[in-house]
Amino acid sequence: MGTWGWVILVAGAIVLGLLGQALRGRVGYEGILTAIGAGVGGYIASEYSLGGLGQWGYTYSGLALFPALIGAIIVAVIVEAVIYFAERPAATA
């Protein structure tokens, strides 16, 4: 992956992290975790052919755009769900 591919991947991960913060309605470290998860998911989906997903769509500077976007969104949603359920207070009887 080229330099611009990394720039696009990191920028997209940051945007997804900020979007998670905006949807949650408060600011904290959770957006960083979401951004890291989105970056890892986008990289894995772009670079490794997950059932042919890595060879689909447009490629820019070595970054498969659609697979990276799909992978980043899926992992970001999973990270947000884990954060949500980990922060939720326990139910009292």
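Residues numbered from 1 in each chain as written. Predicted model: local features only at pLDDT ≥ 70, side-chain atom pairs only at ≥ 80, totals over all residues. Heavy atoms only, no water.

K.L.:
Would you mind going over the overall build of the protein chain with me for this structure?
P.N.:
Looking only at helices and strands, the protein chain features 3 helices and 2 strands. Each helix and strand of the protein chain, ordered N terminal to C terminal, gives the series α-α-β-β-α. Burial analysis of the protein chain (93 residues in total) assigns 31% to the buried set. In the protein chain, once contacts between residues fewer than 6 apart in sequence are set aside, the share between residues at least 24 apart is 56%. As displayed, the protein chain has an accessible area near 6000 Å², and 73% of this comes from carbon and sulfur atoms. (Helix = DSSP H or I, 4+ residues; strand = E, 2+ residues; numbered from the N terminus. Buried < 20%, exposed > 50% of the residue type's maximum accessible area, 1.4 Å probe, protein only. Contact = heavy atoms within 4.5 Å. Areas by Shrake-Rupley, 256 points an atom, 1.4 Å probe, with all protein chains shown as cover.)

K.L.:
I keep staring at the packing of aromatic side chains and nothing clicks. Help me out?
P.N.:
Here a ring pair, both rings aromatic, is described through the centre-centre distance and the interplanar angle of the planes. Here the structure, examined in full by the defined rule, presents 4 aromatic pairs. Ring geometry for Tyr84 versus Phe85: centroids 5.1 Å apart, planes at 75°, classification edge-to-face. Chaining the aromatic ring pairs together yields one cluster made of Trp6, Tyr43 and Tyr48. (Phe/Tyr/Trp six-rings, centres within 6.5 Å; stacked < 30°, edge-to-face > 60°.)

K.L.:
Explain the packing of helix α2 (residues 30-47) against helix α3 (residues 65-87) to me, please; I cannot follow it from the model alone.
P.N.:
Each packed pair of helices is defined by two parameters, the angle between the axes and the distance between the axes. Interhelical geometry of α2 versus α3 gives an angle of 145° and a closest axis separation of 7 Å. Regarding α2 and α3, the two cross each other, and that crossing is right-handed. On α3, the residues touching Glu30, Leu33, Thr34, Gly37, Ala38, Gly41, Gly42, Ala45 and Ser46 of α2 are Pro67, Ala68, Gly71, Ala72, Val75, Ala76, Val79, Glu80, Ile83 and Glu87. The residue inventory of the contact of α2 with α3, partitioned by class, reads 10 nonpolar, 6 polar and 3 charged. (Axes fitted to C-alpha atoms, helices over the stretch in contact; angles between N-to-C directions. Left-handed = near helix turned anticlockwise from the far one by under 90°. Nonpolar A, V, L, I, M, F, W, Y, C, P; charged D, E, K, R; others polar.)

K.L.:
When you look at α2 in this model, what are you seeing that I'm missing?
P.N.:
Spacing of three or four residues puts side chains on the same side of an α-helix, whose turn is 3.6 residues. Under the 1.5 Å per step criterion, the end-to-end length of α2 is 26 Å for 18 residues, consistent within 8% with the ideal 26 Å. Residues of α2 that are buried: Glu30, Gly31, Thr34, Ala35, Gly37, Ala38, Gly39, Gly41, Gly42, Ala45 and Ser46. Here the buried face of α2 lies against α1 (3-24), β2 (63-64) and α3. (Expected span 1.5 Å × (residues − 1).)

K.L.:
Just checking my understanding: could you explain a nonpolar patch on the surface for this structure?
P.N.:
A surface patch of nonpolar side chains, about 1200 Å² in accessible area, is lined by Trp4, Val7, Ile8, Trp56, Tyr58, Tyr60, Leu65, Phe66, Ile70, Ile74, Ile78 and Val82. Of all the elements in the fold, those that place two or more residues in the nonpolar patch are α1 and α3. The leading source of residues in the nonpolar patch is α3, at 6 residues. Inspection of the secondary structure puts Ile8 in helix α1. (Patch = residues over 30% accessible without salt bridge, like charges linked within 9 Å, V, L, I, M, F, W, Y side chains within 5 Å. Salt bridge = Lys/Arg side-chain N within 4 Å of Asp/Glu carboxyl O.)

K.L.:
How do you make sense of the nonpolar core when you look at a structure like this?
P.N.:
In globular proteins that are soluble, nonpolar side chains generally tend to be buried together. Residues Ala13, Leu16, Ala38, Ala72 and Ala76 constitute the largest nonpolar core, which totals 5 residues. Within the residue set of this core, elements represented by two or more residues are α1 and α3. Excluding anything up to four places from it in sequence, Ala76 contacts Leu16, Thr34 and Ala38. (Core = buried A, V, L, I, M, F, W, Y, C linked by side-chain atoms within 4.5 Å.)

Coordinates in, geometry out; function isn't part of it.
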